[in-house]
Amino acid sequence: MKFKKLYIRSRMKNIDITEIKQLLTKPKRIVIVTHKNPDGDAIGSSLGLSHYLKSKDHDVIAITPNDYPDFLKWIPGEDTIIKHESETVTANALIESAELIFTLDFNALNRTGNMEPHLIAAKGIKIMIDHHQQPEDYAKYVYSDISICSTSQMIYHFLEMLDDVNAIESAIATCLYVGIMTDTGSFRFASTTSTTHRVIADLIDKGANNAQIHSNVYDTNTFSRLQLLGRSLNNLRVIPELKTAYITLSQEELNQYNFKKGDTEGVVNYALSLNNINFAAIFIEHKQDKIVKISLRSNGSFNVNEFARKNFNGGGHNNAAGGRSQLSLKDTVEKFISILPNYNKDLNL
Ligand code: 5GP
Ligand code: MN
């Protein structure tokens, strides 16, 4: 196909691809790991790659550090995922005996939480596929491209590099579709390119049922989740002179509305959707972990990755990042408000 090259933004080095192809010629014990609090892209890329490698007769297990939201608990193969938090002994044994370890959708090993020391100690050959900035240098083979919207799209390109896109059947297509859809806010963020749409078109051709997938992921509200959204919107505050809006949720409020993992997913986007707002944040109190989890989003050139790294021990992408604070919820918000004026110029661009 003449336009095939258009799909490929970046490639791994040819020598790396040749070596990986070679490694995959014989059945191997393979573990696929992703980051803590896995999102649609983490699960979609892990399971998409897992289905592909299984179809090539490898022995493959996907391991997540911990649990993930119910709206992802229908994805093909999801029931085979091992959660390190609840199946620690099994997960550690698998990591230890793996010949190959794919690390997907994260740039730093500490994003795997308690799995980190086991991954450091593991002897298996590591292959990183990820789209976050400033990737750590722990893997033998690295496919990193921060211009690509999702790791799931990178898995598609990875299969292109292996000259094996034709191996994509409906389960793989469905998994990759979920990851691309969730990481692009349903194809609307600036990271969505014509290549993304071409990949998506091909995934639909290969069996991804787009309407069903949207419905499975997004039509999953419970009454209490909508009430929690209402509470969040009531807590929305605006600092117009700095084009910033933020939301807070205390542990008490989470409890009141029966909070479950995933319930606050996307809430920060309501703050960003306000007109004349370039920067949005949500602060969520996690009393048990003694932290406040922070999600940051921006429109345009304000770099929330840098902001999160510098001030809140986090990171991510230019327009979507996260971090944490060990201060109280009130003190965290005060810190946030006090440092914002330093960014006055960037926020008012
Ligand atoms: P979210 O706000 O949805 O949790 O995360 C947004 C983006 O920032 C994701 O790409 C996520 O991987 C990244 N991110 C979130 N929290 C952290 C963190 O604590 N550290 C780093 N390095 N990245 C994070
Ligand atoms: Mn991602």
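Below or above, wherever it landed, is the structure these notes cover. (Residues numbered from 1 in each chain as written. Chains lettered and ligands numbered in written order. Predicted model: local features only at pLDDT ≥ 70, side-chain atom pairs only at ≥ 80, totals over all residues. Heavy atoms only, no water.)

Focus: the packing of helix H3 (residues 40–55) against helix H7 (residues 170–183)
(1) Moving on: Relative orientation of the contacting elements H3 and H7 amounts to 160°, with a least axis distance of 7 Å. Between H3 and H7, the angle falls in the class roughly antiparallel. In this structure, the crossing between H3 and H7 has a hand that is left-handed. Judged by residue contacts, Gly 40, Asp 41, Gly 44, Ser 45, Leu 47, Gly 48, His 51 and Tyr 52 of H3 engage Ala 171, Ile 172, Cys 175, Leu 176, Val 178, Gly 179, Thr 182 and Asp 183 from H7.
(2) Moving on: Residue composition of the contact of H3 with H7, grouped by class: seven nonpolar, seven polar and two charged. (Axes fitted to C-alpha atoms, helices over the stretch in contact; angles between N-to-C directions. Helix = DSSP H or I, 4+ residues; strand = E, 2+ residues; numbered from the N terminus. Parallel < 35°, antiparallel > 145°, perpendicular 65-115°, else oblique. Left-handed = near helix turned anticlockwise from the far one by under 90°. Contact = heavy atoms within 4.5 Å. Nonpolar A, V, L, I, M, F, W, Y, C, P; charged D, E, K, R; others polar.)

A short note on the environment of Asp 67
(1) Moving on: Secondary-structure assignment places Asp 67 in the loop between strand S2 (59–64) and strand S3 (82–83).
(2) Moving on: Taking the C-alpha atoms as reference, Asp 67 lies 8.3 Å from Lys 36; in sequence the two are 31 residues apart.
(3) Moving on: Beyond its immediate chain neighbours, meaning those up to four positions away, Asp 67 contacts Asn 37, Pro 38, Lys 73, Lys 83, Glu 85 and Lys 261.
(4) Moving on: Engagement of the side chain of Asp 67 in a polar contact is seen with the side chain of Lys 73, the distance being 3.0 Å. (Polar contact = N/O pair within 3.5 Å; in protein donor to acceptor, adjacent residues only side chain to side chain.)

Here we look at the site of ligand 1
(1) Moving on: Ligand 1 sits among 14 residues. The nearest are Arg 111, His 132, Lys 293, Ser 295 and Arg 297.
(2) Moving on: Arg 111 is positioned with one of its side-chain polar atoms (N or O) 2.8 Å from an oxygen atom of ligand 1.
(3) Moving on: Here ligand 1 has 490 Å² of accessible area as a free molecule, and 80% of this is covered by the chains.
(4) Moving on: Among the secondary structure elements, those contributing two or more residues to the shell around ligand 1 are strand S10 (291–298), strand S11 (315–316) and strand S12 (320–325).
(5) Moving on: Considering each element in turn, the shell around ligand 1 owes the most residues, five residues, to S12. (Near = heavy atom within 4 Å. Areas by Shrake-Rupley, 256 points an atom, 1.4 Å probe, with all protein chains shown as cover.)

Re the packing of helix H13 (residues 304–312) against helix H14 (residues 329–339)
(1) Moving on: One way to put it is that H13 packs onto H14 with a least axis distance of 12 Å and a crossing angle of 120°. With respect to H14, the element H13 is oriented oblique. Helix-helix and strand crossings are classified by hand; for H13 and H14 the assignment is right-handed. Contact with H13, carried on its side by Phe 307, Asn 311 and Phe 312, involves Thr 332, Lys 335, Phe 336 and Ile 339 of H14 and no other residues of that element.

Points about the sheet that holds S2
(1) Moving on: Strand order in the open sheet formed by six strands is S3-S2-S1-S4-S5-S6, with parallel pairing between adjacent strands. Of all the strands in the sheet, the pair left with one neighbour each is S3 and strand S6 (141–144).
(2) Moving on: Note: strand S1 (residues 29–34) against strand S4 (residues 100–104), five bridges, orientation parallel. What sits directly across from Val 33, in S4, is Thr 103.
(3) Moving on: Packing of H3 onto the sheet brings it into contact with S1, S2 and S4, and relative to S1 it is tilted by some 170°.
(4) Moving on: Lying over the sheet, helix H6 (residues 151–161) contacts S4, strand S5 (125–130) and S6, oriented at roughly 120° with respect to S5. (Pairing = 2+ DSSP bridges.)

A word on the coordination of the manganese ion (ligand 2)
(1) Moving on: For the manganese ion (ligand 2), every protein donor is listed as Asp 41 (OD), Asp 105 (OD), His 131 (NE2) and Asp 183 (OD), and the spread of their distances is 2.2 to 2.3 Å.
(2) Moving on: Between consecutive donor residues of the manganese ion (ligand 2), the sequence gaps follow D-x63-D-x25-H-x51-D. One end of the pair, His 131, is in the loop between S5 and S6; the other, Asp 183, is in helix H7, with 52 residues separating them in the sequence. For the pair formed by His 131 and Asp 183, the shared burial category is buried. (Donors = N, O, S within 2.8 Å, 3.2 Å for Na, K, Ca; no water. Buried < 20%, exposed > 50% of the residue type's maximum accessible area, 1.4 Å probe, protein only.)

All quantities given are derived from atomic positions and should not be read as evidence of function.
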